[in-house]
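Report on the structure
Residue strings, one per chain:
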Amino acid sequence: MLRRHGIQVTAQRLAVLRAVEGQPHITADGVAEAVRAEIGAISRQSVYDALAVLAAEGLIRRIQPSGSPARFEARVGDNHHHVICRTCGRTADVDCAVGSAPCLTAADNRGFEIDEAEVIYWGRCPECASQTLR
């Protein structure tokens, strides 16, 4: 897959890709931790570089919710959205709100050609919501 996208195959890039595929919505620090557990030493900069290359080529997706570090996921090729718990930070995928990409139509696109809509729903996950009921 990396070669098909013109990306040089390295052990580090493969391990970064596996980390993102194995843990949806993982942070760069989480990727570094997973990669170190798999292949040993890797610099933080090497992790950031690999994530940037993979995201630029569309093999992974980078999201950055307000007030949160960037997160990475392997679910690409669709225009899904995310729901995030305000209490614990748990993040989950939510399928597109309505229709096909970009899902939502801007009231005034200001002349832009819109090809994607990014929506983040905020609330509390079931576990956090049930704790406040007790």
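All of the points below concern the structure found in this document. (Residues numbered from 1 in each chain as written. Predicted model: local features only at pLDDT ≥ 70, side-chain atom pairs only at ≥ 80, totals over all residues. Heavy atoms only, no water.)

A word on the environment of alanine 92
This is how the line gets drawn: Numbering of helices and strands runs from the N terminus, with a helix taken as a DSSP run of H or I at least four residues long and a strand as a DSSP run of E at least two residues long. What makes two residues a contact is simply this: any of their non-hydrogen atoms within 4.5 Å.
For alanine 92, the position within the fold is in strand S5 (residues 91–94). Taking the C-alpha atoms as reference points, alanine 92 and glutamine 131, separated by 39 residues in sequence, lie 19 Å from one another. Alanine 92 has contacts with His25, His81, His82 and Val83, leaving out every residue within four places of it along the chain.

Regarding the side chain of arginine 71
Stated precisely, the cut-off is as follows: Any pair of nitrogen or oxygen atoms within 3.5 Å is treated as a polar contact; in protein, a donor-acceptor pairing is required on top of that, and neighbouring residues in sequence qualify only through side-chain atoms on both sides.
Residue position: arginine 71 is located in strand S3 (residues 71–73). Within polar-contact distance, the side chain of arginine 71 engages the backbone oxygen of histidine 25 at 2.9 Å. At 3.5 Å, the side chain of arginine 71 forms a polar contact with the side chain of serine 68. Leave out the neighbours within four places in its chain, and arginine 71 touches His25, Ile26, Thr27, Arg61, Arg62, Ile63, Gly89 and Thr91.

A few points about the sheet that holds strand S1 (residues 26–27)
The line we're drawing: A pair of strands is labelled paired if DSSP reports no fewer than 2 bridges between them.
Read across the open sheet, the 3 strands follow the order S1-S3-S2; overall the sheet is antiparallel. Sheet topology places S1 and strand S2 (61–63) at the edges, where each strand pairs with a single neighbour. Taken together, the 3 bridges between S2 and S3 define a ladder with antiparallel strand orientation. Within the sheet, the bridge partner assigned to isoleucine 63 lies in S3 and is arginine 71.

Looking at the pattern of salt bridges
Pairing between side chains of opposite charge can happen when the charged atoms of each approach one another. Heads up, the condition is: When a carboxyl oxygen of Asp or Glu is within 4 Å of a side-chain nitrogen of Lys or Arg, the pair counts as a salt bridge. Here's how the labels work: a residue is buried when its accessible area is under 20% of the maximum for its type, exposed when over 50%, partly exposed in between, all with a 1.4 Å probe on protein chains only.
Inspection of the entire model under this criterion finds 8 salt bridges. Put simply, arginine 18 and glutamate 38 hold a salt bridge, and the shortest N to O gap is 2.4 Å. Here glutamate 38 lies in helix H2 (residues 28–39) and arginine 18 lies in helix H1 (residues 11–22), a separation of 20 residues in the sequence. A relative accessible area of 40% places glutamate 38 in the partly exposed class. The partner of arginine 44 in a salt bridge is aspartate 29, and the shortest N-O contact between them spans 2.3 Å. With arginine 44 in helix H3 (residues 44–56) and aspartate 29 in helix H2, this pair connects stretches of sequence that are 15 residues apart. When salt bridges with common partners are traced through the structure, they connect Arg75, Asp78, Asp93 and Asp95 into a single cluster.

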